[in-house]
Amino acid sequence: MARSLDVDKLEREVKAVYRDVAETPDGEFHFEMGRPLAARLGYRPADLEWAPDEAIDSFAGVGYHFDLADLRTGEDVLDLGSGSGMDVFVAAGHVGENGSVAGLDMTDEQLANARRLRDEMGFQNVSFERGYVEELPFDDETFDVVVSNGVINLSAAKDRVFSEMRRVLKPGGRIALSDIVSERRLSEGIKTDADLWAACIGGAEQVDDYASMIETPGFEIDALRDNSQYEFTSDRAKGACHTYGVKSISLTARSQD
């Protein structure tokens, strides 16, 4: 009998990893974290000026896409899988007081930290909501831009994620994201291993399949690039990179209305 992915176990594994990130950001993980990572990926000093140090310390993204997002003053932005909140605070700096940024995350500890930092820093245009990227708790046509960093690969229903992005975007809205994909399709053994999904490996879609998932609900990809600066740190992850070409990419796409 063919194995199938235990989605409930996957959710538990992912929550456990990112609960640990929130509570012990100086712990050992299969990925890098913090300011040195953000700088190497391409975050500019001007971007990071907006983010509290504690949010930067817990940053665990896989790429940089704010140049692709081209955020403008007054826009409304949604960050899927907002984690420590760093990208939310960076986006808030770009859109200004007349814009707004909402962060969505399913991990209570991450949300608690991000909300505390928001209140301490006095951000009036920032909110953090609990929810799932496959079922966004927002009305249709709410946002100008949706961003995400290293999160969609963790979803077992990526097609649903991109459909939900399309639903909550205003006509002509755009997405800008960084994520983990693969050059070759993963084996069934890897794709049904919840532990490997939680390690940002098992959920890596082959890059052409990933692009098709984005285009199906009505997006047109404007730019896609590899993030050679991003490196996995665990031996298991490095092995997958070698065997299947698992890698980080950043892209931007626009809804066709």
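Since the model is a prediction, treat every value here as computed from it, not as a measurement.

## Regarding the overall build of the protein chain
Looking only at helices and strands, the protein chain has 12 helices and 8 strands in total. The 257 residues of the protein chain split such that 56% are buried. A sequence separation of at least 24 residues applies to 77% of the contacts in the protein chain between residues at least 6 apart. If you sum the accessible surface of the protein chain, you get close to 11,200 Å²; carbon and sulfur atoms cover 45% of it.

## As for the pairing of strand β2 (residues 100-105)
In terms of burial, β2 is largely enclosed, as 5 of its 6 residues are buried. As paired strands, strand β1 (residues 76-80) and β2 are joined by 5 bridges and run parallel to one another. Bridging from a neighbouring strand, L78 pairs with A102 of β2. With helix α6 (residues 86-95) bridging β1 and the parallel β2, this β-α-β connection has right-handed handedness.

## Some details on the nonpolar core
Membership of the largest hydrophobic core comes to 43 residues, with the highest contact counts inside it found for Y43, L71, V77, M86, F89 and V246. Per element, the largest residue contribution to this core is 7 residues, and it comes from α6. By size, the runner-up hydrophobic cluster in this structure holds 26 residues, among which are L80, A102, F162 and I175.

## Brief notes about unusual backbone geometry
Of note, D70 is a non-glycine position whose phi angle comes to about 50°, a positive value. Residue D70 is classed as partly exposed on the basis of its relative accessible area of 43%. With phi around 55°, E141 is a residue other than glycine that occupies positive phi space. Inspection of the secondary structure assignment puts E141 in the loop between β3 (126-130) and β4 (143-149).

## Description of the environment of L37
One can find L37 in helix α2 (residues 35-41). Each C-alpha atom of the pair L37 and F59 lies 8.2 Å from the other, and the pair is 22 residues apart in sequence. With near-sequence residues (within four places) excluded, L37 lies in contact with E32, F59, G61 and Y230.

## Quick word on the side chain of S178
Positionally, S178 belongs in strand β5 (residues 169-182). Within the structure, S178 has its side chain in polar contact with the side chain of S250 (distance 2.6 Å). The contact partners of S178, leaving out residues within four places of it in the chain, are V62, G63, Y64, H65, S148, N149, G150, N227, I249 and S250.

## Concerning the side chain of E75
With respect to the element layout, E75 can be found in the loop between α5 (66-69) and β1. A distance of 2.8 Å separates the side chain of E75 from the side chain of R174, its partner in a polar contact. Those residues in contact with E75 that sit more than four places away from it in its chain are D70, V95, G99, S100, D144, V145 and R174.

## With respect to the environment of R116
As for its position among the elements, R116 is in helix α7 (residues 108-121). A residue is classified by how much of its surface remains accessible, and R116, at 30% relative accessible area, is partly exposed. Polar contacts involving the side chain of R116 include one to the side chain of E54, which spans 2.5 Å.

## Some points on the pairing of β3
By the bridge criterion, 5 bridges tie β2 to β3 in an arrangement that is parallel. What sits directly across from G103, in β3, is F128. Handedness of the crossover joining β2 and β3 through α7: right-handed.

## Some words on the pattern of salt bridges
Applying the stated criterion across every chain, the model contains 18 salt bridges. In this structure, D53 and R35 form a salt bridge, with 2.9 Å as the shortest nitrogen-oxygen distance. Of this pair, D53 sits in helix α4 (residues 53-57) while R35 sits in helix α2, and the two are 18 residues apart along the sequence. Residue R35 is classed as partly exposed on the basis of its relative accessible area of 37%. Salt-bridge contacts for R72 lead to D70; the nearest nitrogen and oxygen are separated by 3.4 Å.

## Some details on helix α11 (residues 207-215)
Here α11 has its buried residues at V207, Y210, A211 and I214. Seen from one end, α11 has its buried residues packed into an arc of 100°, which puts them on one side. Packing partners of the buried residues in α11 comprise α8 (158-168), β5, β6 (205-206), β7 (219-226) and β8 (247-255). Near the N-terminus of α11, the side chain that reaches the backbone nitrogen of D208, with its oxygen 2.9 Å away, is that of Q206.

What counts, and where the lines are drawn
- Residues numbered from 1 in each chain as written.
- Predicted model: local features only at pLDDT ≥ 70, side-chain atom pairs only at ≥ 80, totals over all residues.
- Heavy atoms only, no water.
- Helix = DSSP H or I, 4+ residues; strand = E, 2+ residues; numbered from the N terminus.
- Buried < 20%, exposed > 50% of the residue type's maximum accessible area, 1.4 Å probe, protein only.
- Contact = heavy atoms within 4.5 Å.
- Areas by Shrake-Rupley, 256 points an atom, 1.4 Å probe, with all protein chains shown as cover.
- Pairing = 2+ DSSP bridges.
- Right-handed = clockwise from strand over helix to strand, strands pointing away.
- Core = buried A, V, L, I, M, F, W, Y, C linked by side-chain atoms within 4.5 Å.
- Polar contact = N/O pair within 3.5 Å; in protein donor to acceptor, adjacent residues only side chain to side chain.
- Salt bridge = Lys/Arg side-chain N within 4 Å of Asp/Glu carboxyl O.
- Arc of directions from axis to C-beta.

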